[in-house]
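# Fold and geometry: a report
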Amino acid sequence: MTVMPLLNDAPLPFCKGCGHSHVAKNTEKAIRRLGLDPLDVVLVTDIGCHGIIDKSFLTHTVHGLHGRAVALAGGISAGLDNPKNRVVVFIGDGGATIGMQHLVGAAHRDIDITVVVHNNMLYGMTGGQPSDFTPSGFKTPTLPDGKSLQGYDICRQIASAGASRVERVIGVGDFSEAIAKAISTNGFALVEVMEICPSHGVKANPGMKLKKVVEESGLEVKVFASGKKERSASLHPSISQSLLQESLEIHPVYPNSLAHRMSVMVAGSAGGGVQSAAEWFARAAMSSGLDVTLRGAYPVTVGVGFSAAQINISPEPILYTGSSAPDVLIVTSADGADYARPFAAKMADGLILLDEGLESLSTGAEELRVPMSARIGSRDASVYGLLWYLNHARLFPIEAMMDVLTVGARSRRVKIEKLLQF
Ligand SMILES: Cc1ncc(C[n+]2csc(CCOP(=O)(O)OP(=O)(O)O)c2C)c(N)n1
Ligand code: SF4
């Protein structure tokens with residue numbers, strides 16, 4: 001049987017004595033032990049010295065952004081449907097610090113990847129800054145007095161997050177079995193390899209012995225988790241499907257008379273029902289066979305100030321959702337008028353419905369005064385304005401809007417009997 005090579009002939013790219021070389025060789029040995037075809041393996045590397053190994057491996061390799069390799073690998077794993085494919089991540093303690101949330105999240109979801117953390121206790125590639133894994137008392141070129149806080153125990157963190165397999169090893173000699181067991185795990189597996197960076201770590205801590213540092217830091221060298229766990233019920237696909245059902249299925253049941261795309265803007269105040277009214281109008285337009293886009297605008301302090309919505313409706317597919325000026329503008333409050341003024345200024349024609357008592361926006365558009373708030377109350381002024389316009393322009397049947405409004409909680413919210421008095 002021909003044995004396929006996994007590493008090419010070029011010398012490994014690391015400094016003499018760098019622990020990263022041992023990880024590369026042990027990973028090669030592990031893949032070989034498992035009898036995997038190199039092209040069944042995807043190696044995702046992070047930024048850092050360890051990441052320059054990807055040019056040496058004859059597997060598929062992907063180089064990620066710093067700290068993001070786990071997220072990238074999770075996506076790759078989700079897209080593969082062949083159990084023979086194995087996704088392996090190489091990441092440093094620096095990348096694991098920056099991307100800790102990705103690691104915890106992937107372990108929690110038990111995503112089927114193997115993460116090999118090259119913990120050399122500092123940021124190697126950029127000259128030896130401390131990471132959150134640097135042990136207490138350990139010195140680095142930029143921290144000559146030594147770290148004051150104790151470093152993370154990533155194995156305990158990741159095991160408690162829900163990973164299927166977690167193991168810490170000292171990165172000397174043959175530790176390929178630990179990597180092989182991780183790669184053959186069906187679920188999230190992590191191997192933390194304790195290493196040394198001769199160029200920065202040894203120089204800053206003369207006489208330091210790797211095993212002693214690990215021991216004194218209270219980092220146990222052992223298996224922290226092994227064996228498959230039940231996946232969380234919240235990831236069950238049938239639950240997600242039922243969440244989407246109601247919002248996805250709007251069937252066209254009414255006709256429409258719209259010849260061209262048009263844009264309707266509603267502008268009022270926070271708490272004035274603008275966003276709900278726009279959504280109901282959008283749903284009604286969809287049930288009349290129109291293509292619809294809806295965009296809300298409001299300040300970050302959502303409870304005060306203006307609230308506006310722009311609804312594009314079209315008999316054709318909408319390929320661009322922007323619009324420089326609305327064709328129809330419905331303004332229900334002074335806040336809304338202030339927000340809408342720049343848009344109104346661009347209206348060379350079209351129609352503006354202004355609530356009673358508001359100042360004219362003085363544009364090229366026709367302006368009509370409609371008593372919205374006074375007739376129906378400020379909370380329903382926007383939906384009333386949209387119904388008033390629909391009754392005026394007859395783009396699609398008013399029944400489409402009434403169907404939406406008479407469903408469930410909406411029917412209790414709006415004063416349906418008063419809404420049809422124009
Ligand atoms: C988001 C981001 N922050 C910072 C850097 C700069 N940077 C490049 S390599 C590196 C250190 C990498 O250290 P580590 O992940 O521990 O890997 P090692 O070099 O030790 O193998 C840093 C900080 C970067 N490339 N991207
Ligand atoms: S600087 Fe340190 S981590 Fe980077 S290759 Fe050299 S020894 Fe390894």
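Residues numbered from 1 in each chain as written. Chains lettered and ligands numbered in written order. Predicted model: local features only at pLDDT ≥ 70, side-chain atom pairs only at ≥ 80, totals over all residues. Heavy atoms only, no water.

## Observations regarding helix H4 (residues 100-108)
Buried within H4 are the following residues: Met100, Leu103, Gly105, Ala106 and Ala107. For H4, the secondary structure elements touched by its buried residues are helix H2 (69-79), helix H3 (93-98), strand E4 (114-119), helix H5 (154-161) and strand E6 (189-194). At the C-terminal side of H4, Asp110 shows a positive phi close to 55°. (Buried < 20%, exposed > 50% of the residue type's maximum accessible area, 1.4 Å probe, protein only. Helix = DSSP H or I, 4+ residues; strand = E, 2+ residues; numbered from the N terminus. Contact = heavy atoms within 4.5 Å.)

## Structural notes on the side chain of Thr59
You can see Thr59 is positioned in the loop between strand E1 (41-45) and strand E2 (60-63). With residues near it in sequence (within four places) discarded, Thr59 still touches Leu6, Pro38, Val41 and Leu43.

## Some points on the pairing of strand E12 (residues 351-355)
Along E12, five of the five residues are buried, which leaves the element largely enclosed by surrounding structure. Neither face of E12 is exposed, since Leu351, Leu353 and Asp355 on one face and Ile352 and Leu354 on the opposite face are all buried. Bridging between strand E11 (residues 328-331) and E12 involves four bridges; their strand directions are parallel. Among the inter-strand pairings, Val331 is bridged to a residue of E12, identified as Leu354. Regarding topology, helix H11 (residues 334-345) serves as the crossover connection from E11 to the parallel E12, and that connection is right-handed. Pairing of E12 with strand E13 (residues 366-370) involves five bridges; the strand directions are parallel. Note that in E13 the partner of Leu351 across the bridge is Glu366. (Pairing = 2+ DSSP bridges. Right-handed = clockwise from strand over helix to strand, strands pointing away.)

## Remarks on the packing of helix H13 (residues 381-393) against helix H14 (residues 398-405)
Contact pair H13 / H14: the axes reach a minimum separation of 9 Å and the direction vectors enclose 155°. The pairing of H13 with H14 is recorded here as roughly antiparallel in orientation. Here Val383, Leu386, Leu387, Leu390 and Asn391 of H13 lie close against H14, whose contacting residues are Ile398, Met401, Met402 and Leu405. Of the residues contributing to the contact of H13 with H14, the split by class is eight nonpolar, one polar and no charged. (Axes fitted to C-alpha atoms, helices over the stretch in contact; angles between N-to-C directions. Parallel < 35°, antiparallel > 145°, perpendicular 65-115°, else oblique. Nonpolar A, V, L, I, M, F, W, Y, C, P; charged D, E, K, R; others polar.)

## Description of the packing of aromatic side chains
Under the counting rule described, the total for this entry stands at six aromatic pairs. Ring centres of Phe133 and Tyr152 lie 5.7 Å apart, and the angle between their planes is 70°; on these two criteria the pair is classed as edge-to-face. In this pair, Phe133 is assigned in the loop between E4 and H5 and Tyr152 in the loop between E4 and H5, connecting sequence segments 19 residues apart. Phe133 sits in the buried class, given a relative accessible area of 2%. Consider the rings of Phe281 and Phe396, whose centres lie 5.4 Å apart with planes at 50°: the pair is tilted. Linking Phe281 in helix H10 (residues 274-286) with Phe396 in the loop between H13 and H14, this pair joins segments that are 115 residues apart in sequence. Judged by its relative accessible area of 4%, Phe396 is buried. Taken together, the ring pairs in this structure connect Phe306, Tyr339 and Phe343 into an aromatic cluster. Positioned above the aromatic ring of Phe224, the side-chain terminus of Lys222 is 5.0 Å from the ring centre. (Phe/Tyr/Trp six-rings, centres within 6.5 Å; stacked < 30°, edge-to-face > 60°. Lys NZ or Arg CZ within 6 Å of the ring centre and 35° of its normal.)

## Considerations on the site of ligand 2
If you check the shell around ligand 2, you find Phe14, Cys15, Cys18, His20, Cys49, Asn120, Cys197, Pro198, Ser199 and His200 and nothing else. Element by element, the count of residues in the shell around ligand 2 is highest for helix H7 (residues 198-204), at three residues. (Near = heavy atom within 4 Å.)

## Examining the pairing of E11
Residues Val328 and Ile330 point to one face of E11 and Leu329 and Val331 to the other, with burial holding for every one of them. In this structure, strand E8 (residues 262-269) lies alongside E11, joined through four bridges in parallel fashion. Counted as the bridge partner of Ala267 is Val331 from E11.

## Points about the sheet that holds strand E3 (residues 86-92)
Strand order in the open sheet formed by seven strands is E2-E1-E3-E4-E6-E5-E7, and the pairing between neighbours is mixed. Each end of this open sheet is capped by a strand with a single partner; those strands are E2 and strand E7 (223-225). Neighbouring strand axes in the sheet, compared pairwise and without regard to direction, differ in orientation by 15° on average. Two elements, strand E5 (residues 165-170) and E7, share two bridges in a ladder whose sense is antiparallel. Bridge assignment links Val166 to a residue of E7, and that residue is Ala225. Of the strands in this sheet, E1, E2, E3 and E4 touch H2, which is tilted by about 175° from E3.

## Quick notes on the site of ligand 1
Near ligand 1 lie 16 residues; those nearest to it are His20, Cys49, Gly94, Gly124 and Met125. Between ligand 1 and His20 there is a distance of 2.8 Å, counted from an oxygen atom to a side-chain nitrogen or oxygen. Note that an oxygen atom of ligand 1 is positioned 3.3 Å from one of the side-chain N or O atoms of His66. Expressed as a share of its isolated accessible area of 590 Å², the protein-covered part of ligand 1 is 73%. A per-element tally of the shell around ligand 1 places H3 first, with three residues. In terms of residue class, the shell around ligand 1 is made up of five nonpolar, 10 polar and one charged. (Polar contact = N/O pair within 3.5 Å; in protein donor to acceptor, adjacent residues only side chain to side chain. Areas by Shrake-Rupley, 256 points an atom, 1.4 Å probe, with all protein chains shown as cover.)

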